[in-house]
Amino acid sequence: MNILVCVKQVPDTTEIKIDPITNTLIRAGVPSILNPFDAYALELAIRIKETNGGSVTVLTMGPDQAKSALKECLSAGADKAILVSDRAFGGSDTLATSYILSTTIKAIENKTERFDLILCGKQAIDGDTGQVGPEIAEHLGYAQVTYAADITVDGENLRVKRENEDHYEIIETQIPAVITVIKTAYELRYATIKSKMAANKVQIPTMTSIDLVIDLERTGLKGSPTKVKKTFIPQLKKSGIKIKEETVRESVLKLISLLSDATLI
Amino acid sequence: MGYILNEEQNSLVEMVKEFMIHEVKPHVAKFDITGEFPRDLYEKAFEMGLHCLEIPEEFGGGGVDYLTAAAIYEEMAKIDAGFSTGLCAISLALKPVLIAGTAQQKKLFSDIIVPGAFGAFCLTEPNAGSDAGSVRTTAVRDGDEYIINGGKCFITNGGVSDVYVVFASTDKSKGLKGLTAFIVERSRNGITVGKEENKMGIRLSNTTEVVFEDVRIPATNLLGKEGDGFKIAMKTLDLSRPFIGAIAVGVAQRAIDESVKYSKQRIQFGKSIAEFQAIQFKLADMDIETEAARQTVVHAIQLILAKKPYSREAAIAKCFAGDVAVKVALDAIQILGGYGYSRDYPVEKLLRDAKIFQIFEGTNQIQRVIVAGHLLK
């Protein structure tokens, strides 16, 4: 199984602070991490490789600094890493990003071989759109399955356990396919001293627009039909239901009926 | 941070930090109370390669540089000094092999340790503590073998090791100069693990007696030559002392971190106690002493890396760091007050862990003898 995992380096949004005056994000000094859902996707990819053979390549679009996220992937067990980066790509929204990644995937496949399986985390924790994975599938004309909790391989078939709000589906599809991955039961394994030292030494290749067959009008701000106009914290409204019946017993009964209506008990 | 590391070295330390916080920290209190050996936690550390940091790459080890290794031992010690000591003690057993062993002996030792095993350095006996020269364990040549007889005590990893490095006398008449070092595989007949020490602290490490009864080993397991043992032991301890110092610094640092956290939260007289200068001065002194101790460790390691003499500086580092760890742990208990005295809070354990650093690997009195010796020669 020749697997590609698309990853993104994101600010650690649990550490993000909001400027109290402008109400916008303070990005300075926030540590960068591998997008957590991409880490789950990578772990699944490595497990599939361990069971079925093959290789795991990680790809990211970003500035040079994104190489540290790629090195983290290598130290955990990815075999190859590629950065695609170009000044023309700056400011890309999800459509432009997925277009760039798809053309990069085609360029890589031209030189090596086709990826059987492309995994993405379900969404990046900074943008939270969840769009790039499905868009890559569309650009490439591949089947897609989203919100995967697990994947099993059976020859050319993939069986994906897909999470819904209150149940799971098992969806079968064939390679090649794009699958987006949720928080699974499999945390990304630790690197080892040796794998980290080896990953630190790797020279990660950077592909730029010159290496791609790409229409630059479809990249960067030019190629982005959506634009972020403003980021702000909404005013907190008080929410919740107050239960105060004549007696405590009646209040409790009312609460029980509300909880049971909401299928919480 | 006190260790000036590049990005790659830092990434190793950060990796160990994450591992310790997520995999080890949640279980420390339980193992400290029961004294049960946390084998599963050590197995996870083996998977990461934390047991063979100092084994050269050519023998399958991490080949991590000494400065990064010290930073890693300190980071582990912030979560548990015993765990850090148990892993560091494998490197203590390794050092005689690196110092005096042939390539085959280094391979023999590494092949046992690297897949995931403990080693133990066996010098101390009931009658030979500071007076290491009084070792009574004997090694008698018989054809192309040696036969070892004797009992060792207070051996870290004694009960869990697959390989020992044993110091025995091949010639009693020569005293210190009659000591010889041997690699002894656990699989040899005649080795028994004796009593396990019920220790005050570092309870996540295993400390036992080890008894050798007519244990036969091939003569090829002799490190260096007959009579080299004392020199090898002293060089080993010199080389190991900065790392023990790093572990003591880790204990002190944890004490500071807990004290800072508590001081900010504890409200008395209408404000957090962190706002009182008495607490601020205490915290500052704890930090000054700990950083100073860390820097004596760093300096000793820099001398080792520069291939300069380091015996005096190693003794200073181990002695000072051990004394600082005890003092800072005591201060932390004082800052936490009544809660500091309770086993429900993590600082009383830090004092129980810190104390050993004034005792093993050469008591702090012996360290002072070494330092005075350098001054007075």
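This is a predicted model, so every value here is computed, not measured.

**Digging into the pattern of salt bridges**
Overall, the coordinates contain 37 salt bridges over all chains when judged by the stated rule. R189 of chain A serves as the salt-bridge partner of E50 of chain A, at 2.6 Å between the closest nitrogen and oxygen. Of this pair, E50 of chain A sits in helix α1 (residues 36-52) while R189 of chain A sits in the loop between β12 (177-181) and α5 (193-201); the two residues are 139 residues apart in sequence, bridging distant segments of the chain. Relative accessible area serves as the criterion here: at 52%, E50 of chain A is assigned to the exposed category. With a closest N to O distance of 2.7 Å, R352 of chain B and D32 of chain B form a salt bridge. Residue R352 of chain B is located in helix α9 (residues 347-354), and its partner D32 of chain B is located in helix α1 (residues 7-34); the two are separated by 320 residues in the primary sequence. Summarising the burial analysis for this pair, R352 of chain B and D32 of chain B share the class buried. A single network of salt bridges, built from pairs that share partners, joins E43, R47, E50 and R189 of chain A.

**So, the interface of chain B and chain A**
For an interface, size is often stated in terms of accessible area lost upon the parts coming together. Contacts between chain B and chain A engage 21 residues on the former and nine residues on the latter. Together chain B and chain A conceal approximately 1100 Å² of surface at their shared face, both sides included; 65% is due to carbon and sulfur atoms. Looking only at chain B, the three residues that lose the most surface to chain A are L12, M15 and M48 of chain B, adding up to 36% of its buried area. Across the contact surface, chain B and chain A share zero salt bridges. Summed over the shared surface of chain B and chain A, the result is five residue pairs in polar contact (both at pLDDT 80 or more). Among the secondary structure elements, those contributing two or more residues to the side of chain B that touches chain A are α1 and α2 (39-48) of chain B. Of the residues forming the side of chain B that touches chain A, the biggest block, nine residues, is contributed by α1 of chain B.

**Regarding the state of the cysteines**
The final tally for this structure, using the stated rule, is zero disulfides over all chains. With no disulfide of its own, C73 of chain A has C6 of chain A as its nearest cysteine by sulfur position, at a separation of 11 Å. Among the residues examined, C73 of chain A registers a relative accessible area of 0% and is labelled buried. Its sulfur unpaired, C122 of chain B is 10 Å from the next cysteine sulfur, which belongs to C153 of chain B. C122 of chain B sits in the buried class, given a relative accessible area of 0%.

**Examining α1 of chain A**
Residue and element names in this part refer to chain A. The end-to-end C-alpha distance of α1 is 24 Å, a good match for the 24 Å that 17 residues give at a rise of 1.5 Å each. Taken across its 17 residues, α1 has 12 buried, putting it largely inside the fold. Here α1 has its buried residues at F37, D38, A39, Y40, A41, L42, E43, L44, A45, I46, I48 and K49.

**Quick word on the confidence of the model for chain B**
When pLDDT drops low, the exact placement of atoms in the prediction is not to be read closely. The pLDDT averaged across chain B works out to 97; a share of 100% of its residues lies at or above 70. With pTM at 0.90, the complex prediction returns an ipTM value of 0.89.

**Quick notes on the side chain of S92 of chain A**
Residues and elements named next belong to chain A. You can see S92 is positioned in the loop between β7 (80-84) and α3 (94-111). In terms of polar contacts, S92 uses its side chain to reach the backbone carbonyl oxygen of F89, at 2.5 Å. For S92, the side chain forms a polar contact with the main-chain nitrogen of G220, separated by 3.0 Å. Leaving out residues up to four positions away in the same chain, S92 has contacts with M61, T97, I100, T219, G220 and S224.

What counts and how
Residues numbered from 1 in each chain as written. Chains lettered and ligands numbered in written order. Predicted model: local features only at pLDDT ≥ 70, side-chain atom pairs only at ≥ 80, totals over all residues. Heavy atoms only, no water. Salt bridge = Lys/Arg side-chain N within 4 Å of Asp/Glu carboxyl O. Helix = DSSP H or I, 4+ residues; strand = E, 2+ residues; numbered from the N terminus. Buried < 20%, exposed > 50% of the residue type's maximum accessible area, 1.4 Å probe, protein only. Contact = heavy atoms within 4.5 Å. Buried area = accessible area lost by both parts, 1.4 Å probe. Polar contact = N/O pair within 3.5 Å; in protein donor to acceptor, adjacent residues only side chain to side chain. Disulfide = S-S within 2.5 Å. Expected span 1.5 Å × (residues − 1). pLDDT = per-residue confidence, 0-100.

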